[in-house]
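# Descriptive structure summary
Spelled out from the first residue to the last, the chains are:
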There are 2 protein chains.
Amino acid sequence: MAHLPSNVISCHFNNKTSCENCRLNQLCLPISLQINEIDKLDAIIKRKRPIGKGDAVFHLGERFSAIYAVRSGSLKTVNVTVDGQEQVTGFYLPGEIFGLDGLGNNIHTNSAVALETSAICEIPFSRLEELTIKIPSLQRHIFQVLGQEIASEQSLITHLSTSTAEERVAALLISISSRNHRRQLSGTDFRLPMSRTDMASYLGVTIETVSRILSHFQKKKLVTIKMKDIIITDMQALRSLAKVS
Amino acid sequence: MAHLPSNVISCHFNNKTSCENCRLNQLCLPISLQINEIDKLDAIIKRKRPIGKGDAVFHLGERFSAIYAVRSGSLKTVNVTVDGQEQVTGFYLPGEIFGLDGLGNNIHTNSAVALETSAICEIPFSRLEELTIKIPSLQRHIFQVLGQEIASEQSLITHLSTSTAEERVAALLISISSRNHRRQLSGTDFRLPMSRTDMASYLGVTIETVSRILSHFQKKKLVTIKMKDIIITDMQALRSLAKVS
DNA sequence: CGGGTCATTGAGTCAGCTCAAGGCTCGTGG
DNA sequence: CCACGAGCCTTGAGCTGACTCAATGACCCG
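The structure presented is a predicted model; accordingly, all values stated were derived computationally and were not measured.

## Details of the overall build of chain A
In terms of regular secondary structure, chain A is built from 8 helices and 11 strands. Against the 2.2 N^0.38 benchmark of 18 Å for 245 residues, chain A shows a C-alpha radius of gyration of 19 Å, consistent with a compact globule. Across its three principal axes, chain A shows a C-alpha extent of roughly 55 × 40 × 35 Å. Here chain A holds 245 residues, and the buried ones make up 55% of them. The contacts of chain A with a sequence gap of at least 6 include a subset with a gap of at least 24, amounting to 70%. For chain A, the computed accessible surface area is about 11200 Å², with 52% contributed by carbon and sulfur atoms.

Right under this line is the structure:
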């Protein structure tokens, strides 16, 4: 095994990493696979050099050719409305799959942008399709990933239609919290990867409203916030505010 | 084969209908298939007895076992929020596929309810999965249907986040119009299948707001409305209001 | 033709927006 | 190691689009 260079960027970057030894393999695509099947999946996955904050994995309008998994860091997907405004449509954390927006008509309808230095796996879609025909459980899992994306978007739709600004902010905090928890990280004490502007755009409110609501949550002793660092001090209350059971 | 009763319901109902001779086969699943492949798809599709207005095809919480295509009529999918409110998450017209909401975790997260007397095709998902392994172009098409669902939900999300009530109503009218047009029907002169209440719920506004906006559109000579019958008299202006190119 | 559902219209209220000013943070360079 | 600047975040004041509450009108089915 080659000796790894010691600077920060490269220590995250290891070409030899495989799905088999990836910490995230119980969250990501391999979850449904046998060892020998994982090897086949592994063979088609390209592990890219880490990308810096603000860099795009793909741009709106580009031809769809692959889906992506987050290995480390975090990303947002961004849409541009007809009148030129940016609109954040999703946040993606390690173990999560993104880039599905191009599947419908072979053109990406969003750009994917790193929120911090991030490592991603690229999975060429045509190769993946071939593989799913050989490995039915993988096909089932891809369908499931797509289905989950649909379900999570529907719940966002419901939220945007029916919730107040306060409920939206609470729900986002709960969502990030539970996704961290799923990765064996703290669900109460973490760093928000996105800016207030991104949160506001995603939630369909203004940045001022997000800020005011976070201050208000702090006043009510639900959370402790210092910029992007957040500690949830009353999960119960926050959950009920978010209308999440 | 039994003689069919002659009442109104049954005259729409014909077991012999096949994908091959269905008027909608250039919109629906068969679009990507050869004749002999269509026969295979046909073999797994169950054509159900027409259902009446208000009847459900599946209920929230039920086990996911099939996806559905609208043959005639129209349906809505409905979600129930934590506090017990109904929320419409989608409208489905002939040739469109619904029921994908259960794919993620094998449980339907919505109910599907007929807006009028409707005929639907049921496609058992496990049979469809088997078939996609034998017919790669069908797999590709299913992925595409899922991708389109994801894309259309994302565009709804963007709309709900950024649009005013007026823009939302305009966008819904344009959407119904273009979906009618796709079916070779008039894109300017049609009947809205859903109630004001359903429109309002789907758009995330109140019923009064929908009503006021429709009246306002009429005053501005964009449309002529008589309850559910609508004539779009200035498509250009309505499109630009909807912020759709 | 009568009752119930669905749709329209009006008046007053409020959540979240806009505009504006000031504070905090962090990276950079002297 | 500190000073500085640019971007990000917070807070305040006033405004407005959409909501709530309420009453009336239109349609449909038995």
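## Concerning the domain arrangement of chain A
All names here are of chain A. The domains assigned to chain A are domain 1 (25–159) and domain 2 (164–242). With 17 residues of domain 1 in contact, the opposing surface of domain 2 contributes 15 residues. Here domain 1 packs against domain 2, burying approximately 1500 Å² in sum over the two surfaces, 57% of which is carbon and sulfur. Viewed at the interface, domain 2 and domain 1 are joined by 2 salt bridges. Across the pair Arg179 and Glu96 runs a salt bridge whose closest N-O atoms are separated by 2.9 Å. Here domain 1 is connected to domain 2 by 4 residue pairs in polar contact (both at pLDDT 80 or more). Broken down by secondary-structure element, the contributors of at least two residues to the side of domain 1 that touches domain 2 are β5 (86–92) and α4 (136–162). Of all the elements, β5 adds the most residues to the side of domain 1 that touches domain 2, at 7 residues. Of the residues belonging to the side of domain 1 that touches domain 2, the class tally is 8 nonpolar, 5 polar and 4 charged.

## As for the confidence of the model for chain A
All names here are of chain A. Per-residue pLDDT for chain A averages 88, and the proportion of residues at 70 or more is 93%. For chain A, per-element mean pLDDT is lowest for helix α1 (residues 8–12), which scores 39, and highest for helix α7 (residues 207–219), which scores 96. The low-confidence segment residues 1–13 (pLDDT under 50) makes 15 contacts with residues lying over four places distant or belonging to another chain.

## Considerations on the nonpolar core
Ranked by size, the top nonpolar core spans 68 residues in total, and within it Phe217(A), Val223(A), Leu238(A), Phe217(B), Val223(B) and Leu238(B) carry the most contacts. Counting 52 residues, the second largest nonpolar core, distinct from the first, contains Cys28(A), Cys121(A), Ile97(B) and Phe125(B).

## Quick word on the relation of the copies chain B and chain A
In screw terms, the move from chain B to chain A is a rotation of 180 degrees and a rise of 0.0 Å along the axis, fitting with an RMSD of 0.0 Å. Considering both components of the superposition, the chain copies are consistent with a two-fold axis. Of the interface residues in chain B, 100% have counterparts in chain A that sit at the interface too, so the contact is made through matching surfaces.

## Looking at the protein's contact with DNA strand C
Looking at DNA strand C, there are 18 residues lining it, with Ala165(A), Thr209(A), Ser211(B), Arg212(B) and Ser215(B) nearest. Taking the atoms of DNA strand C that fall within 4 Å of the protein, sugar and phosphate contribute 66% of them. At a separation of 2.7 Å, a phosphate oxygen of DNA strand C approaches a polar backbone atom of Ala165(A). Within the side chain of Ser211(B), an N or O atom sits 2.7 Å from a phosphate oxygen of DNA strand C. Within the residue set of the surface near DNA strand C, elements represented by two or more residues are α7 of chain A together with α6 (196–203) and α7 (207–219) of chain B. Tallying contributions element by element places α7(B) first for the surface near DNA strand C, with 4 residues. Taken together, the residues of the surface near DNA strand C sort by class into 3 nonpolar, 8 polar and 7 charged.

Criteria and cut-off values
- Residues numbered from 1 in each chain as written.
- Chains lettered and ligands numbered in written order.
- Predicted model: local features only at pLDDT ≥ 70, side-chain atom pairs only at ≥ 80, totals over all residues.
- Heavy atoms only, no water.
- Helix = DSSP H or I, 4+ residues; strand = E, 2+ residues; numbered from the N terminus.
- Rg over C-alpha atoms; globule rule 2.2 N^0.38 Å.
- Buried < 20%, exposed > 50% of the residue type's maximum accessible area, 1.4 Å probe, protein only.
- Contact = heavy atoms within 4.5 Å.
- Areas by Shrake-Rupley, 256 points an atom, 1.4 Å probe, with all protein chains shown as cover.
- Domains from an automatic or database assignment.
- Buried area = accessible area lost by both parts, 1.4 Å probe.
- Salt bridge = Lys/Arg side-chain N within 4 Å of Asp/Glu carboxyl O.
- Polar contact = N/O pair within 3.5 Å; in protein donor to acceptor, adjacent residues only side chain to side chain.
- Nonpolar A, V, L, I, M, F, W, Y, C, P; charged D, E, K, R; others polar.
- pLDDT = per-residue confidence, 0-100.
- Core = buried A, V, L, I, M, F, W, Y, C linked by side-chain atoms within 4.5 Å.
- Least-squares fit on C-alpha atoms with pLDDT ≥ 70 in both.
- Near = heavy atom within 4 Å.

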